[in-house]
Structures are given as structure tokens and as C-alpha cells.
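Observations on chain architecture
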Amino acid sequence: MRLYPVVFRAAFSWMDAERAHGIGAGMIGLAHRVGAGRVLHRIGAPDPALRTTVMGLDFPSPFGLAAGFDKHGRHTVALTDLGFGHIEVGTITGTAQPGNPRPRLFRLIADRAVINRMGFNNDGAAVLAPRLAAVRADLERRYGRERPLIGVNIGKTKAAELADAAADYEHSARTLAPHADYLVVNVSSPNTPGLRQLQEIDALAPLLRAVRSSATAAGRPDVPLLVKIAPDLADEDVDAVAALALELGLDGIIATNTTLRRDGLATDAATVTAAGAGGLSGTPLADRSLAVLRRLKAAVGDRLALVSVGGVTTADDVAERLVAGADLVQGYTAFLYEGPFWAARINAGLARRLGTGRRS
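None of the values given here were measured: they were computed from a predicted structure. (Residues numbered from 1 in each chain as written. Predicted model: local features only at pLDDT ≥ 70, side-chain atom pairs only at ≥ 80, totals over all residues. Heavy atoms only, no water.)

1. A few points about the pattern of salt bridges
Considering all chains together, one arrives at 21 salt bridges under this definition. Put simply, Arg220 and Asp222 hold a salt bridge, and the shortest N to O gap is 3.1 Å. (Salt bridge = Lys/Arg side-chain N within 4 Å of Asp/Glu carboxyl O.)

Encoded structure:
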């Protein structure tokens, strides 16, 4: 299993990062199609002791794959072979869009980090809806009631003006909520102009109300609704979002998205500068992500589900987030460095550390 770092250095480290991502995802999909996914599932299946109930949903493991890897919902079932307790698909926008010009994904290998300015490239809500319906049906056939869960992460279409953002999110929610186990409002990517302004309370409150109303109109008043926030929010703004989430009766908060900061990196400054604008994810985000989690936990207690993401690599990292108050933990960037058995290793480590005594 630990051969992957050698494979990464030999086959992927020199390659354009987005191309390498596409090849890796394609290989996971191919393994599933030829039947190797069953073997991978036997290796990666979470110990039953890791099952946890959050937001009224039963997750096979508290560890899942964050939004960003499976933007188009094409590899969702194959990814569940690897042991993730949930897959968050997206970010999905109201209409299809190509995202920002390439190159737009850059590795900082010395930091085990990534800079991306993908720009919500995706096939759009209307295309993703039937795709996600088929994914859920497939997972129900394969796993029954113990299937991994599917989160749907929605964001603003780049062409939509900020004044029209609520209508854009409403369209996505109305289209996708029927196929989501939980729904995430992403207002924290740095790669769509103006998007982070929607984290301001005066803009965020009506937006979240509109999304909830649209989900209800689509026949899913019960779908858990979460908001995903940036690590770059000031502490008082984190507190304000927590208070708003409680006021609106949201089900949870995902913390955090990528950061615009570049301080404290091991990678040489010229390489970082050459990568240019975009959100930084990976190990350098760990401390701030954990700090935001602890601040949210102090503010909301057990009244909201907290999903921690940012800088998570090992089972110890996941366990630390759970102890600090996370109900679920997600990863993404380390997947690119750790390879296809990453979730299996984390599940095995959690089972050893947490056993049957972890709260649900």
C-alpha cells in the first residue's frame, strides 16, 4: 500500500497536476468497471464500529471525500469502493461552465499542498441531477441501507451577478435537492469573483433562506442543509456565521475551504509566485482549520453538525478533529499524495483508536 509515494514521484509528480488528476480518477473508474472495485471495497470497507449518525443520517465512517475531487459525479460509485463514508459531489452551478483557463491546478510538493483556481468547472445542475439519481440507485443496490452517502455542494454560476445569486442557488437547490443526502451552500471559494462577499451576514441570511425554500418546494424539506465557510474569515465573522446558522435552523457548517494566505510555506517563493492566484489547500491549512473548528464548537456546542476539512492526512489527524468537536471529517488534497488506499488506512487507524466507544 505504501508503494504509492514511489508511483507518485515516478509517474505523476512531473506531470501537469490537472492532467494527473484526470488520469488518477480515470484509473479509479476503470478499476470499478472491470470488477476490481469489489476487491478494493473489501480492503477499504470501514469497520462497523465506525458507523456514525449525523444530521439523522447513518454514515459508514466519519471520514469522507470533500468537494472538488468528483466535480461531475462521474466517479462517485467507484470512489465509494475506496472506503469513504461519504462523497461530496461538486461544486455544481446552476448552468454548466468550463471554469478558469488552464493551467489552474498546481502542486506544492514540499508542503504537501495544492493551489487551485479551477473556477467551478462542472456540467451544470440539469446534467448532474439524473447522474446523481443513478448514483444513488446504484449505491442502494450495492450496499442497501448501509450505503455511503452523497453530499451535493452548490455554488454560484460565474455569469450570475451577485444581485442574482439567490435565484441561481435556488435553481440548483430545486434541481439537485431530490438527489442529495445533504446539501451544501458553498460561498467560500476564492475562485469565483465576488463569491466570498456572500459570506457577509446581510447577504448570507436571505441566500440560505432561499435555498431552504427551494429544497422544500422540490419535495425535500428534510434534506440537511449546511454552509461551507472560508478559513480566512476573522474570528468575529466565524462567530457571526455560527449565530446565523443557529438562527436559521441550519443543520451544519463545513469548515474550511481553501485559503488565500501563502505564509509559512516550505516551497520556494518563486514557485509559489509562479503558481499565481487561487486557493491553497493541504497541510499548511491544518492549524487554521482546526482553530476554526474549535471556535465553532465553542459557539454552537451540539446544536449543529460540524464537518472539519483542511490539512487532514492521517488517522491521527482525523481523530484529533473528532475529539475537537467535528461530527464528520473530510479530506481531499492528501488523496492526491497518498493514493487510492488512503481512506482504507484512515478507517483502519480510526478503528484501532476509537473502537466501539466513539460517540455517534
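2. Things to note about the pairing of strand 8 (residues 182-186)
In terms of burial, strand 8 is largely enclosed, as five of its five residues are buried. Residue alternation in strand 8 divides its side chains into two sets, Tyr182, Val184 and Asn186 and Leu183 and Val185, and both sets are buried. As judged from the four bridges shared by strand 7 (residues 149-154) and strand 8, these two strands associate in the parallel manner. Within strand 8, the residue paired with Ile154 across the bridge is Val185. Regarding topology, helix 6 (residues 165-176) serves as the crossover connection from strand 7 to the parallel strand 8, and that connection is right-handed. As judged from the four bridges shared by strand 8 and strand 9 (residues 225-229), these two strands associate in the parallel manner. What sits directly across from Leu183, in strand 9, is Leu225. Where the polypeptide runs from strand 8 across helix 7 (residues 201-217) and back to strand 9, its parallel neighbour, the crossover connection is right-handed. (Buried < 20%, exposed > 50% of the residue type's maximum accessible area, 1.4 Å probe, protein only. Helix = DSSP H or I, 4+ residues; strand = E, 2+ residues; numbered from the N terminus. Pairing = 2+ DSSP bridges. Right-handed = clockwise from strand over helix to strand, strands pointing away.)

3. Remarks on a negative patch on the surface
Taken together, the side chains of Glu200, Asp202, Glu236 and Asp237 make up a negatively charged region of the molecular surface. By the element assignment, Glu200 lies in the loop between strand 8 and helix 7. (Patch = residues over 30% accessible without salt bridge, like charges linked within 9 Å, V, L, I, M, F, W, Y side chains within 5 Å. Areas by Shrake-Rupley, 256 points an atom, 1.4 Å probe, with all protein chains shown as cover. Lys, Arg positive; Asp, Glu negative; His and termini not counted. Charge placed at Lys NZ, Arg CZ, Asp CG, Glu CD.)

4. Quick word on the sheet that holds strand 5 (residues 105-108)
The antiparallel open sheet is built from three strands, whose spatial order is 5-6-11. Looking at the sheet topology across the chains shown, the edges are occupied by strand 5 and strand 11 (279-282). Looking at each pair of strands side by side, their axes are set apart by 25° on average, direction ignored. As paired strands, strand 5 and strand 6 (residues 113-116) are joined by four bridges and run antiparallel to one another. Within strand 6, the position partnered with Phe106 by the bridge is Ile115. (Axes fitted to C-alpha atoms, helices over the stretch in contact; angles between N-to-C directions.)

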